[in-house]
Structure formats: C-alpha cells, structure tokens
Amino acid sequence: MMSKKKFNVAVAGATGAVGNQMVSCLEERKFPINSIKLLASSRSMGRKMDYRGDSVAVEELKESSFKGMDIAIFSAGGGTSEKFAPFAAKDGCVVIDNSSAWRMDPDVPLVVPEVNPHAVAQYTNKGIIANPNCSTIQMVVALYPLHKKFGIKRIVVSTYQAVSGTGKKAIEELDSQTRAILSFKSCENKVYPHTIAFNCLPHIDVFLDNGYTKEETKMVYETRKILEDDTIGVTATTVRVPVFYGHSESINIEAKENISAQEVKSILKNAPGVKVVDDPKNNVYPLAIDAVGQDLTLVGRIRNDESIKNGINMWVVADNIRKGAATNAVQIAEILANKYL
Ligand code: NAP
Ligand code: 12T
C-alpha cells in the first residue's frame, strides 16, 4: 500500500532524457507528491515542463535547492551529483542518485528493489541511495532468482546498448547521422568518437588502464555489490549499437549446482519484474522494440550451454530509460516513502 503521507520531491536533471522519464514515472505510478521541484542547469532557465497537467517552471540547481524537500532524484551527471548530493543530504532531503558517483561508496546502498530492497535501510549513513547502472539492473533482475537457487559462479555478458543511455545529444546524433547517410550527405561525429549510425562501437564510457571500459567495470563491481557476493566472477564487453531505446544483453552463466534450461524457464516465469519471452520456433524472443515503454525485464533464448557443465545462455532486454534508470529510482522512492520516511 502506498504511504498516506505526501512528499516534497525534487528532480535534478529534469530536462534530460532520464529526468523527463523520472517525472513521467512519478506521475504514472501516482507517487504521493505534495510539491515537485524541477531542477536543471542555467541553460534551461525559462523552460516549463508539464506535471499532472500543470506547467512547472524549471529552476536552476543550487546548493540551497533542497531546503524543505524530502526526496531528491538526481540524474544530472556524476560531477553534479558529487557536488550537490551532500547539500541535499545536509538539509535532510534523501538523495536517490542515478549517476555512477556514489555507487561503490561502501556507505551508500546500491538498490534494485526486486533483489535487495532491504539495503534501502542504509540510506541513513549518508542520506544517499545509488541507482545502479542500466545494464547491471536488467542483468541482476534476471539472474538473482537463479543465483538464489543454484549459486552463480561466473557471468560472461556482452551488451548491445541503445544511444539513449548517453542522453539527449546522443539520441539526436543517431537521428541526424542516419538521415545524413541515407541522403548521401557527410555526417558529423560529436558525441561518440566514431559514427554510430549503421555501426557498432565496442566502447561505452571511458577506457581504463586495464583495457576495459568503465561501463564494463561497473557491471563487474555493481553486480557483486547488489547480489551481496564478492565471489561471483563477472566479465563484460559493452557495445553501443544504433538503437534509440532498449538495451539487449547476451548472458552466459556457470552455476555452482545442477541447472537446466527448463528449470531456469520455470523459475523465471515466477520471478518479480521478469517476463519470459521464449518461443523461438514461432520467432518469439525478447526485442528492444517490445521492451520499450514498459517496466519488465524480458528474458528468452534460454538454452543449456553445451560446452560446459551447469552453463546457461540467455538473451535479456529492458527499457534502459525506464527500468534501467527512472522506474528503478521511483521504486526506490516508493520503498523509502512506505517504510522509512
Ligand atoms: P541528458 O539527456 O544529457 O540530461 C542531462 C541533464 O542534467 C539535463 O537535465 C541537464 O540540464 C542536467 N545538467 C547537466 N549539467 C548540469 C549542471 N551543471 N547543473 C544542473 N543540471 C545539469 O543525460 P541523461 O541521459 O538524462 O543522463 C543524466 C544522468 O543520468 C547521468 O548522470 C547519467 O550517468 C545518469 N544515467 C544513469 C543511467 C543508469 O544506468 N541508471 C542511465 C542513463 C543515465 P540542461 O538541460 O539544463 O542542460
Ligand atoms: N556513460 O549510469 O553512455 O553510469 O550509456 C549509464 C549509461 C553511464 C551510468 C551510457 C553511461 C551510465 C551510460
């Protein structure tokens, strides 16, 4: 049941790809809001956004923006979260942060409500809760029920990530490059180092010294933190594909105990937040265009890995802006509202 109290909620980065969806999710899920404050950079001053039929003026994010607010949902970049989240917390406003700035801080809980809702209780440490990386969220929603039952020893994942994960400029870049190429014009690369239209880039976020990207590294450490098991081996290759919305993932797991594709299917059929979409003979499998606009993680192509004992392959798809970002954050806010505030 939803809390009877009503809350003053701030959305930092409200004008962005994720922030916009945050506002829609708060509305759709009927989050108990007393007042809403929409915050962005000085560039957005004068803009108005719609909330429940009202036109709300966007305000500039400032250190003092959070006085009198109860919950702030941040999606305005890592630097902005690092700088402003502590000011919100100091004013007694609980932060749910969507950037990577606070995720690996041992005092900050990293929460996927279908997996570790109990971790929300640790918000009292710093007044900050971290929302995981989009690719990690959909992977752990699918794998947690299997980890509970069979124990996962190792995960090998390759991602096929939509440009919307990078924000509104990247959505525009795929659109304009596609139009340019189809009309035989030259195309510009501004957001990514190479052309994304009609291409795949094995590069998401920055490269680290070991040759992996930061996105790949997030998948390793965030998975272990959310599943509360540092013994799980995780190795990732993250790839940007010319898709606007919806991340797809090829996931291979090796379990500790006997596991079969059939058992995996029956467990996932009853798993929270999961929809099994797996009838390959009728060309039915998870697709980005079907995952978009809803909140379930779609799982299909569930097969025994015939090269290894207790190995399983699967294909996992979700809406990266909804479950991968906004919906997950609003679900965290619902737990806070119902249980803790
Ligand atoms: P976006 O479309 O580029 O939007 C960025 C938003 O941040 C805009 O509202 C922008 O305001 C605001 N902003 C930027 N710099 C600011 C500043 N100095 N002060 C105040 N506001 C500022 O990007 P996005 O895709 O929505 O992503 C935003 C954040 O969400 C990033 O931190 C990203 O790491 C995170 N994210 C997380 C996930 C996830 O995996 N959970 C997925 C995608 C994104 P203006 O419009 O005024 O410029
Ligand atoms: N660079 O939340 O570009 O850490 O797709 C998510 C998505 C960072 C994050 C992307 C990114 C994050 C992207």
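Above this note sits the structure.
Residues numbered from 1 in each chain as written. Chains lettered and ligands numbered in written order. Predicted model: local features only at pLDDT ≥ 70, side-chain atom pairs only at ≥ 80, totals over all residues. Heavy atoms only, no water.

Some points on the packing of helix α3 (residues 134–150) against helix α8 (residues 322–340)
Here is step 1 of the chain: Between α3 and α8, the shortest axis-to-axis distance is 8 Å and the interhelical angle comes to 85 degrees. Considered as vectors, α3 and α8 are oriented roughly perpendicular to each other. Contacts between α3 and α8 involve Cys134, Ile137 and Val141 from the first element and Lys323, Gly324 and Asn328 from the second.
Here is step 2 of the chain: Of the residues belonging to the contact of α3 with α8, the class tally is three nonpolar, two polar and one charged. (Axes fitted to C-alpha atoms, helices over the stretch in contact; angles between N-to-C directions. Helix = DSSP H or I, 4+ residues; strand = E, 2+ residues; numbered from the N terminus. Parallel < 35°, antiparallel > 145°, perpendicular 65-115°, else oblique. Contact = heavy atoms within 4.5 Å. Nonpolar A, V, L, I, M, F, W, Y, C, P; charged D, E, K, R; others polar.)

A word on the sheet that holds strand β11 (residues 247–255)
Across a sheet, paired strands are connected by hydrogen bonds in the backbone, their directions being either parallel or antiparallel.
Here is step 1 of the chain: In space, the six strands of this open sheet follow the order β10-β9-β11-β14-β13-β12, with mixed pairing throughout. Sheet topology places β10 (233–240) and β12 (274–276) at the edges, where each strand pairs with a single neighbour. Looking at each pair of strands side by side, their axes are set apart by 20 degrees on average, direction ignored.
Here is step 2 of the chain: Each of β9 (152–161), β10, β11, β12, β13 (297–304) and β14 (311–318) touches α3; the most contacted strand, β11, lies at about 25 degrees to it. (Pairing = 2+ DSSP bridges.)

What about the packing of α3 against helix α6 (residues 261–269)?
Here is step 1 of the chain: Two elements in contact, α3 and α6, have axes whose closest approach is 10 Å; the angle formed by their N-to-C orientations is 120 degrees. One way to sum up the angle between α3 and α6 is to call them oblique. Both α3 and α6 take part in a crossing whose hand is right-handed. Here α3 contributes Ala142, Pro145, Leu146, Lys149 and Phe150 to the contact with α6, which in turn contributes Glu263, Val264, Ile267 and Leu268.
Here is step 2 of the chain: The residue makeup of the contact of α3 with α6, split by class, is seven nonpolar, no polar and two charged. (Left-handed = near helix turned anticlockwise from the far one by under 90°.)

Here we look at the site of ligand 2
Here is step 1 of the chain: In the region of ligand 2, the neighbouring residues are Asn98, Ser100, Arg103, Asn133, Cys134, Gly165, Thr166, Asp205, Glu215, Lys218 and Arg240.
Here is step 2 of the chain: In the model, an oxygen atom of ligand 2 is placed 2.6 Å from a nitrogen or oxygen of the Arg103 side chain.
Here is step 3 of the chain: Backbone polar atom of Gly165 to an oxygen atom of ligand 2: 3.4 Å apart, as the coordinates give it.
Here is step 4 of the chain: Out of a free accessible area of 320 Å², ligand 2 has 81% covered by protein chains.
Here is step 5 of the chain: Of the residues assigned to the shell around ligand 2, the class counts are one nonpolar, five polar and five charged. (Near = heavy atom within 4 Å. Polar contact = N/O pair within 3.5 Å; in protein donor to acceptor, adjacent residues only side chain to side chain. Areas by Shrake-Rupley, 256 points an atom, 1.4 Å probe, with all protein chains shown as cover.)

A few points about a positive patch on the surface
Here is step 1 of the chain: There is a patch of like positive charges on the surface, built from Arg43, Arg47, Lys168 and Lys169.
Here is step 2 of the chain: Inspection of the secondary structure puts Lys169 in helix α4 (residues 168–182). (Patch = residues over 30% accessible without salt bridge, like charges linked within 9 Å, V, L, I, M, F, W, Y side chains within 5 Å. Salt bridge = Lys/Arg side-chain N within 4 Å of Asp/Glu carboxyl O. Lys, Arg positive; Asp, Glu negative; His and termini not counted. Charge placed at Lys NZ, Arg CZ, Asp CG, Glu CD.)

Some points on the site of ligand 1
Here is step 1 of the chain: Near ligand 1 you find 28 residues, and of these Thr15, Ser41, Ser44, Gly77 and Cys134 are the closest.
Here is step 2 of the chain: Gly77 is positioned such that a nitrogen or oxygen atom in its backbone is 2.9 Å from an oxygen atom of ligand 1.
Here is step 3 of the chain: About the coverage of ligand 1: the protein hides 80% of its 920 Å² of free accessible area.
Here is step 4 of the chain: Every element with two or more residues in the shell around ligand 1 is listed here: α1 (17–28), α2 (78–90) and α8.

Quick look at the pattern of salt bridges
Here is step 1 of the chain: On inspection of all chains with the given rule, the structure shows 13 salt bridges.
Here is step 2 of the chain: For Arg322, the salt bridge goes to Glu28, with nearest N and O atoms at 2.7 Å. Of this pair, Arg322 sits in helix α8 while Glu28 sits in helix α1, and the two are 294 residues apart along the sequence.
Here is step 3 of the chain: Arg322 sits in the buried class, given a relative accessible area of 7%.
Here is step 4 of the chain: Judged by its relative accessible area of 44%, Glu28 is partly exposed.
Here is step 5 of the chain: Arg103 is the partner of Glu222 in a salt bridge, and the nearest nitrogen-oxygen pair spans 3.0 Å. Of this pair, Glu222 sits in helix α5 (residues 214–227) while Arg103 sits in the loop between β7 (94–97) and β8 (128–130), placing them 119 residues apart in sequence. Of the two residues, Glu222 and Arg103, neither departs from the other in class, the shared state being buried.
Here is step 6 of the chain: It is possible to trace a salt-bridge network through shared partners that takes in Glu28, Asp295 and Arg322. (Buried < 20%, exposed > 50% of the residue type's maximum accessible area, 1.4 Å probe, protein only.)

None of this, on its own, says anything about what the molecule does.
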